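# Structural features, examined
Here is how the chains run, residue by residue.
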Amino acid sequence: MNITRVDLKKVWVPGLLLIILVLLATLSLYASAYTVILLTSILMYIVLTVSWVIFSGPTGYISLAPAAFFGVGIYTSAILGKELPLPIVIFIGGLASFCLALLVGALTLRLRGIYFAIFTFGLVELIKHLLLWYEINMTGTRGRFVIVVDNNTIYYVMFIILVILLLTAYFIRRSKFGLALRSIGEYEDAAAHTGVNVNALKTITFAVSAVFVGAAGAIMATRWTYIDPYIAFNPLFSFMPVLMAIFGGMGQFYGPILGAAIFAYLEEILLTKFPYYYMLIFGTILVVTILYLPEGLVGLVQKLRRRISGGKRAHT
Amino acid sequence: MIVTILDIVIAGLLLGGLYALIAMGLSLQYGVARVLNISHGEFIMLGALTTWTLYTAFGINPLVCLAICGPVAFLLGFIIHRTLFKRLLTSSASPGIFESNSMLASFGLMFIIQNIALIAWGPEIRGYSYLAFPVNLAGALFGANRLVTLGFAVVIGLAFYLFLARTRMGKAIRAAAQDPVTAGLMGVNINNVLALCFGFGAAMAGIAGMLISMCYPVHGVMGLEYTIIAIIVVVLGGLGSIPGSFIGGFILGLIGSIVTYFEPGLALAAYYAIFILLLLVRPTGIMGK
Amino acid sequence: MRILEGEGVTKYFGGLAAVSNVDFNVDQGEVVGLIGPNGAGKTTLFNLISGALVPKPGATKFKGENITGLKPHQICKMGVARTFQSVKVFANMPVLENVLLGSLFGTSNSVSSADAAREATGLLEFVGLSAVRATPAKDLTLANQKRLEVARALATKPEILLLDELMAGLNPTEVAQAMELVTRIRDKGITIFMIEHVMKAIMSICDRIIVLHHGKKIAEGTPQEIAVSRTVIEVYLGE
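This write-up is about the structure you can find in this document. (Residues numbered from 1 in each chain as written. Chains lettered and ligands numbered in written order. Predicted model: local features only at pLDDT ≥ 70, side-chain atom pairs only at ≥ 80, totals over all residues.)

Turning our eyes to something else, we now look at the interface of chain B and chain A. Chain B puts 33 residues into the contact, and the matching count from chain A is 32 residues. When residues of the side of chain B that touches chain A are traced back to their parent elements, those giving at least two are α3 (62–91), α4 (95–121), α9 (223–237) and α11 (267–281) of chain B. By residue number, the principal contributor to the side of chain B that touches chain A is α4(B), which donates 15 residues. Within the side of chain B that touches chain A, the residues separate by chemical class into 24 nonpolar, six polar and three charged. (Contact = placed C-beta atoms within 7 Å. Helix = DSSP H or I, 4+ residues; strand = E, 2+ residues; numbered from the N terminus. Nonpolar A, V, L, I, M, F, W, Y, C, P; charged D, E, K, R; others polar.)

Here it is in structure tokens:
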């Protein structure tokens, strides 16, 4: 009885994933323009959230930098979009974020986690100020126009970014690097003494996670057509991945994906119905989740599962 | 030439006084209650906008608003700590986890408070004029409002420092900052002290907001920049050192004034440059352990 | 062969010298004990050897090579492993994964995941934790957590193992089991340098003992010599 249950799980989970993947890949063939746009947003938020979890999930180092990387990607698109073909622009958006993250990591990750959190928190505002100063003093104009790309292309680029991200995240999680990252989160000192080059691993992982955020920013910029430092560097894009990851729960791989999908859709609804209240609602949900549901939805599912199967762990 | 230098120095002290006040408040919250309150700037904003409303709508003298903003902000901070952060303290498995969770919770708080402010006051930039007449100081002209701000900041800062150093409650607070567990065993009511400190920190933010509103325009999203500046000052002064925050505030204010003289708009970048320098050379700050 | 050496190892915290001008050496295959009253600087000395702290001034050498100032992960890969006084296991990870980390990262050569898994499983058997391989480390008893730390350290294929108060907090039965484990590790050819307060263990297993007091080395010799040394007795009775 048990054997067939396990076998079924090994079959229908990948099977379901494949179906979803195919549906998403062929979306433009059957869905309305509105659906494509909505799903682009949802995929974007999944990218932001899953990439955030790659580093901050296992290590416990809270990064508040996604908005900075997203903005870097946006500006890459704005500056280079007219000169270079789209795939290269997106690649450079990711690369620029990678370099910024390497710098930030090298500076702060050899110190206590609080310094990293503080530094990344102010990064958005800092880059915004620098760009504003540059635009006022050097170029004389504020903001830029971005090339226009049709919605289907934007969707597919985001889809590809997401697929590469999911594969990367899954690989890291299951590999020895995932093990090392988790050990850093548990007891960094002991991990270092067990042969893990903690500083290098933290910095590189952080940088890798930034690539996808930069790439996502580069493609999303083409949807907004006009951007300026205020639009591009918005703390909201650091807040949302944190909210989505914590609400979804980081104990399982699907947790952040679930959280992102739910909130991306929720944001869409709230923006139309209660545009003046949605930050209040989201902020409250974050606080309530931290207080009462720290393991997120995933944790809730685990708890229910344990209650159904019954029995406590024996102490050994 | 001398006048220019004096100009810059005094402007730096004015800015520094504000920074010192904001940073001491945050230092109190982080040093004692161990909460890195990212929503600190929002309390500043609330103090500023409340003062604006009280003055422009009811004609209440801003300096009188001090007596309103301070206690109200204190109460708000006290309640928030007792309900939110105290609960987090009990549910967090380790101090490290509490530090993360409380910071994230304050992140959520930041958006909540900002949204409330946006609903209550709208997105427009507000300002008012009070004590805006110029005062001649050694050949340079300064707004009376700015001098009053500096005066208040220094007086409050010194008063608070004396409170910590001389009074019984102050000693209890310092003990709690050093070692909460032992302090608790020695009879210090830890729960009250933590919430009290958090409340004091919020009060200082509210008062700073009131002072800021006398000199600068204010609006709903002004808080973030002040939070970042407060954090940098706290790191500069040394995480957990309140005197360090006082000194660090003036240092950063002077630097800000100098940079603004040459290149307005790069002040925050200069602060971050100092931050980076600290991280490379002396992360524990000037007076940190 | 001298596998581990320290020359004038010193460390100041503020104005206080936690460790002051300590010279020591450990020969390959030896079991050397490090004893002294609380606060004598024993764990600090271990931290200075393992790379958690940097001696200033002073130098540490492993197999003749200067390891002063190297990072902990580098020193570990060279062949120096340690356990911690306050047990630092990876609490939410299963026992096997705790050891697996050592197998995967503890050596300079790359190891395939299959080999690493095999080695880790073998080590669990060696320390007697095979039955709880899937249990999260936080659910183990203290004695078992200490065994887990030892297994994790052994997974890094060390030539010398630094044990920091392995027997602290254990009941007499567990102490005897721990002593037996240490003997088996020595029989595998691994040099052992151990901090211990449990005198019975130190006296019976160690070939040599070094005594620290207020950060300084005050005595060194065989267990018999140390047992009758006036200086050592005064230090312990005087406390």
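With that settled, the discussion passes to the packing of helix α11 (residues 236–248) of chain A against helix α13 (residues 278–292) of chain A. Residues and elements named next belong to chain A. Across the interface, α11 lies against α13 with an axial gap of 10 Å and an inter-helix angle of 40°. In terms of orientation, α11 lies oblique with respect to α13. In this structure, α11 meets α13 at a crossing whose hand is left-handed. Where α11 abuts α13, its residues Leu243, Ile246 and Phe247 lie against Phe282, Ile285, Leu286, Thr289 and Ile290. Among the residues making up the contact of α11 with α13, the classes are represented as seven nonpolar, one polar and no charged. (Axes fitted to C-alpha atoms, helices over the stretch in contact; angles between N-to-C directions. Parallel < 35°, antiparallel > 145°, perpendicular 65-115°, else oblique. Left-handed = near helix turned anticlockwise from the far one by under 90°.)

Right, let's get into the nonpolar core. Core analysis: the largest hydrophobic core is formed by 191 residues, its most contacted members being A:Val47, A:Met158, A:Ala216 and B:Ile22. Per-element accounting of this core gives the leading share, 18 residues, to helix α8 (residues 190–215) of chain B. Residue contacts for A:Ala216: discarding those within four places in its chain leaves A:Met44, A:Val47, A:Leu48, A:Phe70, A:Gly73, A:Met158 and A:Ile161. In this structure, C:Val26, C:Ile49, C:Leu123 and C:Leu161 belong to the second largest nonpolar core, which totals 85 residues. (Core = buried A, V, L, I, M, F, W, Y, C linked by C-beta atoms within 7 Å. Buried ≥ 20, exposed ≤ 12 C-beta atoms within 10 Å, placed from the backbone.)

The next subject is unusual backbone geometry. Residue and element names in this part refer to chain C. The omega angle of the peptide bond from Lys56 to Pro57 is -5°, so this bond is cis rather than trans. With respect to the helices, strands and loops of the structure, Pro57 is situated in the loop between α1 (42–50) and β4 (59–62). Even without a glycine there, the phi angle at Asn21 is positive, about 50°. Locating Asn21 in the fold gives a position in strand β2 (residues 16–27). Even without being a glycine, Glu165 presents a positive backbone phi close to 50°. Structurally, the position occupied by Glu165 is in the loop between β7 (160–164) and α6 (172–187). Owing to 20 C-beta atoms within 10 Å, Glu165 belongs among the buried residues under this scheme.

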